[in-house]
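Listed below are the residues making up each chain.
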Amino acid sequence: MPKIPLSKKFFSSLLHYIGISIGAFLAALAIRIFLIPNELIDGGVVGISLILARLFGNAYLSFFLVILNIPFIYLAYRFIRKNFVLSMFIAIVLFAFFLSVLQQVPGFNADPLEAIVIGGAMLGAGAGLIIRNGGCTDGTEILAILINRKKGFTVGQVIFVINIFIFGAYGWIFSDWHIALRSLMTYIVAFKMMDIVIAGLEELKSVLIMCSKPEKLSKIITHELGLGLTFIKGKGGFSGEDRDILFIIVERLDLSELKEIVHREDPSAFMAIENLHEVSYGRTAKIALRRKARRKLLS
């Protein structure tokens, strides 16, 4: 296995930590200028820290954030990955640092809808950058991963249930369910923006095609769409016959044309289509995609 040069590893790590720093700054800025002035909270440990800060003073927000995350840092060290713990610790410290530095920044004078949308989007963008670069500021995700391993509930289900309790507690403590519902809306906006930052806007689909003429169909798809594909060896469950299955990764805009070609050439073909959150391309694949784009422009 070829060794990665130390300079390349250092540069890659530096970029990751710069990304975490930018994300922590954006998330802290969103909390200071949008969430706190409008009495909004986020989910997870950040939400609990905001509730405690409202009870005992905003000056203690960074302190609560670090203290509440310490047990989850330990859980990550024991049960997740030791190299992840360093990124998580740095992300939490930077997040707490920026929250403290930005304490005197005046809040943005916005109506509730503006605060929910803009504040939630900025918070989600910051959290997404942190996660995309290998960090984490919310220990409830660690807890959700461990529960998923033990009990089988999905990470999303566990986080959702935890946050429902947090938002419910917020409304009950301050006897104001409007701020709880607005906080839930802010969390939804932040969650969607975080997903966009992590996965990107490019919508990719993976397609499995089972047909009677895989060789012919593969040549037509390659010629007409310029798409690469892979043959997967399969076997019919009913007939017991060996057959080739085509595996293709396609952009959303090309999906309709792909389906049209497949059903035109083989009306009995079966297609299974799934959403892809991310595809990591090697250098050769990137060149192939650029060539494909040029062909489309020239045609």
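Placed above this text is the structure.
Bear in mind the structure is a predicted one, so any value in this text is a computation, not a measurement.

(A) Molecular detail of the environment of Phe95. Examined against the element boundaries, Phe95 turns out to sit in helix α4 (residues 82-101). Remark: the alpha-carbon pair of Phe95 and Ser21, spanning 74 residues in sequence, is separated by 7.9 Å. Not counting the four nearest positions on each side in its chain, Phe95 is found in contact with Ala24, Ala27, Ala28, Ile31, Val46, Leu65 and Thr137.

(B) Inspection of the nonpolar core at higher detail. With 50 residues, the main nonpolar core has Ile31, Met88 and Phe95 as its most contacted residues. Contributions of two or more residues to this core are made by α1 (6-35), α2 (44-56), α3 (61-79), α4, α5 (112-132), α6 (140-151), α7 (155-173) and α8 (177-199). Dropping the residues within four chain positions of it, Ile31 is found in contact with Ile36, Pro37, Val46, Leu50, Leu61, Phe95, Leu99 and Leu123. Listed in part, the 17 residues of the second largest apolar core include Ile209, Leu217, Leu227 and Ala269.

(C) Representation of the packing of aromatic side chains within the structure. Using the criterion set out here, one finds 9 aromatic pairs in the structure. Ring geometry for Phe25 against Phe98: centres 5.4 Å apart, planes inclined by 80°, an arrangement best described as edge-to-face. Taken together, the residues span a long stretch of sequence, with Phe25 in helix α1 and Phe98 in helix α4 at a distance of 73 residues. Taking relative accessible area as the criterion, Phe25 reaches 35% and is therefore assigned partly exposed. By relative accessible area, which is 17% here, Phe98 ends up buried. Taken together, the ring pairs in this structure connect Phe56, Tyr60, Phe63 and Phe64 into an aromatic cluster. Over the aromatic face of Phe174 sits the side chain of Arg54, whose NZ or CZ is 4.0 Å from the ring centroid.

(D) View of α5. Taking 1.5 Å of rise per residue, 21 residues should cover 30 Å, and α5 covers 29 Å from first to last C-alpha, within 8% of that figure. Restricting attention to buried positions, one finds in α5 the residues Ala115, Ile116, Gly119, Gly120, Ala121, Leu123, Gly124, Ala125, Gly126, Ala127, Gly128 and Ile130.

(E) Just α7, in detail. The terminal C-alpha atoms of α7, which comprises 19 residues, lie 27 Å apart, in line with the 27 Å expected from a rise of 1.5 Å per residue. Listed in full, the buried residues belonging to α7 are Val158, Ile159, Ile162, Asn163, Ile166, Phe167, Tyr170 and Gly171. Ser175 lies just past α7 and shows a positive phi near 50°.

(F) Broad picture of the environment of Val93. Tracing the sequence through the fold places Val93 in helix α4. Taking the C-alpha atoms as reference, Val93 lies 9.0 Å from Leu65; in sequence the two are 28 residues apart.

(G) Looking closely at the pairing of strand β1 (residues 204-210). Judged by how many residues are buried, β1 sits mostly within the fold: 5 of 7 residues are covered. Relative to strand β3 (residues 242-251), β1 runs antiparallel, the two being bridged by 7 bridges. Residue pairing for β3: Val207 is matched across the bridge by Ile248. The pairing of β1 with strand β4 (residues 270-276) spans 7 bridges and is antiparallel. The residue bridging Ser206 from the neighbouring strand is Glu274, located in β4.

(H) View of a nonpolar patch on the surface. Taken together, the side chains of Leu55, Phe56, Tyr60, Phe63, Ile67, Ile70, Trp172, Ile173 and Trp177 present a nonpolar region at the surface, about 1000 Å² in accessible area. Looking at the nonpolar patch, the elements that each hand over two or more residues are α2, α3 and α7. Broken down by element, the nonpolar patch gets its largest block of residues, 3 residues, from α3. Relative to the elements of secondary structure, Leu55 occurs in helix α2. The class for Leu55 is partly exposed, based on a relative accessible area of 44%.

Reading guide: rules and limits
- Every chain's residues receive numbers from 1 upward, in the order its sequence appears when written.
- The predicted nature of this model means local features are confined to residues of pLDDT at least 70 and side-chain atom pairs, given and counted, to a pLDDT of 80 or more, with totals for whole chains, interfaces and linings taken over all residues.
- Hydrogens and water molecules were not included; the side-chain quantities draw on all heavy atoms of the structure.
- To qualify as a helix, a DSSP run of H or I must reach at least 4 residues; to qualify as a strand, a run of E must reach at least 2; elements of each kind are numbered from the N terminus.
- Here, residues are in contact when the closest pair of their heavy atoms is within 4.5 Å.
- Put simply, buried Ala, Val, Leu, Ile, Met, Phe, Trp, Tyr and Cys residues joined by side-chain atoms within 4.5 Å make one nonpolar core.
- In this scheme, a residue with accessible area under 20% of its type's maximum is buried, one over 50% is exposed, and one in between is partly exposed, where area comes from a 1.4 Å probe on protein chains only.
- Only Phe, Tyr and Trp rings take part, Trp by its six-membered ring, and two of them pair if their centres are within 6.5 Å. Stacked means planes under 30 degrees apart, edge-to-face means over 60, and tilted covers everything else.
- Two conditions define a charge sitting above a ring: the NZ of Lys or the CZ of Arg must be within 6 Å of the ring centre, and it must be within 35 degrees of the ring normal.
- Under the convention used throughout, the expected extent of a helix is 1.5 Å for every residue step, that is, one less than its residue count.
- Following DSSP output, two strands are said to pair if at least two bridges run between them.
- Each patch is built from salt-bridge-free residues with over 30% relative accessible area, joining like charges within 9 Å and nonpolar side chains (Val, Leu, Ile, Met, Phe, Trp, Tyr) within 5 Å.
- Shrake-Rupley sampling with a 1.4 Å probe provides the accessible areas, and residues are treated as covered by the protein chains on show and by no other component.
- What counts as a salt bridge is simple: a side-chain nitrogen of Lys or Arg found within 4 Å of a carboxyl oxygen of Asp or Glu.

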